Amino acid sequence: MERQNELRLTRAEKRIIAELRQLKYGEMRIVMRNGVPVQMEAAAREKLEAAKTLLEKTYQPSFKTDKNLLTMAQARLTAGKIEGVTVAMKAAVSTKDLFTAARAGIDLDGTLHY
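Residues numbered from 1 in each chain as written. Predicted model: local features only at pLDDT ≥ 70, side-chain atom pairs only at ≥ 80, totals over all residues. Heavy atoms only, no water.

Peer 1: Help me understand the overall build of the chain in this model?
Peer 2: Tallying secondary structure elements over the chain gives four helices and five strands in all. From first element to last, N terminus to C terminus, the chain shows the α and β order α-α-β-β-α-α-β-β-β. The proportion of buried residues among the 114 residues of the chain is 17%. The long-range fraction of contacts in the chain, counting pairs at least 24 apart against all pairs at least 6 apart in sequence, stands at 33%. As displayed, the chain offers around 9,900 Å² of accessible surface, 56% of which is attributable to carbon and sulfur atoms. (Helix = DSSP H or I, 4+ residues; strand = E, 2+ residues; numbered from the N terminus. Buried < 20%, exposed > 50% of the residue type's maximum accessible area, 1.4 Å probe, protein only. Contact = heavy atoms within 4.5 Å. Areas by Shrake-Rupley, 256 points an atom, 1.4 Å probe, with all protein chains shown as cover.)

Next up, the structure:
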């Protein structure tokens, strides 16, 4: 019977409540936007900017060792100690060499074709 009166919260709401409980009253003012503390938005934005900076650097895959671009990208994030960011291909790409019939590409799952 008591379960009927219990609030059903989403995982995000539970996380916010847990973080708010750790704050001492008067320690800081929390500004909410769409149910999310602005400070949390700023932290997420900073994490994504750091990830973007790491991922924008030039990739130089080795034919012998590098078989998947997504694995290479995730390794950069791990080395940069950026957690909670996942990379994915938006679309597969393929290109033809200008002077020969050779082709190179990256599949949707990140597989490299040399």
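Let's pick the thread back up.
Peer 1: Honestly, the sheet that holds strand E5 (residues 112-113) in this entry has me stumped. Any pointers?
Peer 2: Within a sheet, adjacent strands bond to each other through the backbone by hydrogen bonds, running parallel or antiparallel. Judged by pairing direction, the sheet is antiparallel, and its three strands sit side by side in the order E3-E4-E5 without closing on themselves. Looking at which strands have only one partner, the edges of the open sheet turn out to be strand E3 (93-96) and E5. Sheet analysis places E3 next to strand E4 (residues 103-106), joined by four bridges and oriented antiparallel. Counterpart to Lys96 in the pairing with E4 is Arg103. (Pairing = 2+ DSSP bridges.)

Peer 1: Sorry, what's going on with the pairing of E4 here?
Peer 2: As a general feature of sheets, a regular strand has side chains that alternate between the two faces. In this structure, the hairpin formed by E3 and E4 is closed by a connection of six residues. Relative to E5, E4 is paired through two bridges, and the arrangement is antiparallel. Across the sheet, the residue bridging to Gly105 is His113, located in E5.

Peer 1: Mind showing me how you'd approach the nonpolar core here?
Peer 2: What tends to happen in soluble globular proteins is that the nonpolar side chains get buried as a cluster. Among the nonpolar cores identified, the biggest contains 13 residues, and Leu69, Leu77 and Ile82 are the most heavily contacted of them. Examining the composition of this core, we find that five residues originate from one element, helix H4 (residues 69-79), more than from any other. Leave out the neighbours within four places in its chain, and Ile82 touches Lys47, Ala50, Ala51, Leu54 and Leu77. (Core = buried A, V, L, I, M, F, W, Y, C linked by side-chain atoms within 4.5 Å.)

Peer 1: How do you make sense of the confidence of the model for the chain when you look at a structure like this?
Peer 2: Regions with low pLDDT should not have their predicted coordinates read in detail. On average, residues of the chain carry a pLDDT of 80, and 74% of them reach 70 or more. Between the elements of the chain, mean pLDDT differs from a low of 53, seen in helix H1 (residues 2-5), to a high of 93, seen in H4. (pLDDT = per-residue confidence, 0-100.)

Peer 1: Help me out: how do you make sense of the pattern of salt bridges in this one?
Peer 2: Once the charged atoms of two side chains with opposite charge are near each other, the side chains can pair. The tally for this structure, following the rule as stated, stands at one salt bridge. The shortest N-O distance in the salt bridge between Lys52 and Glu56 comes to 4.0 Å. (Salt bridge = Lys/Arg side-chain N within 4 Å of Asp/Glu carboxyl O.)

Peer 1: Even after reading the chapter, I still don't get H4, so can you show me in this structure?
Peer 2: Because an α-helix packs 3.6 residues into every turn, residues spaced three or four apart end up facing the same way. All of the buried residues along H4 are Leu69, Leu70, Met72, Ala73 and Leu77. All buried residues of H4 lie within an arc of 160 degrees about the axis, which places them on one face of the element. Opposite its buried face, H4 presents the exposed residues Thr71, Thr78 and Ala79, each directed more than 90 degrees away. A distance of 2.8 Å separates the backbone nitrogen of Leu70 from a side-chain oxygen at the start of H4, and that oxygen is part of Asn68. Lys81 lies just past H4 and shows a positive phi near 60 degrees. (Arc of directions from axis to C-beta. Polar contact = N/O pair within 3.5 Å; in protein donor to acceptor, adjacent residues only side chain to side chain.)

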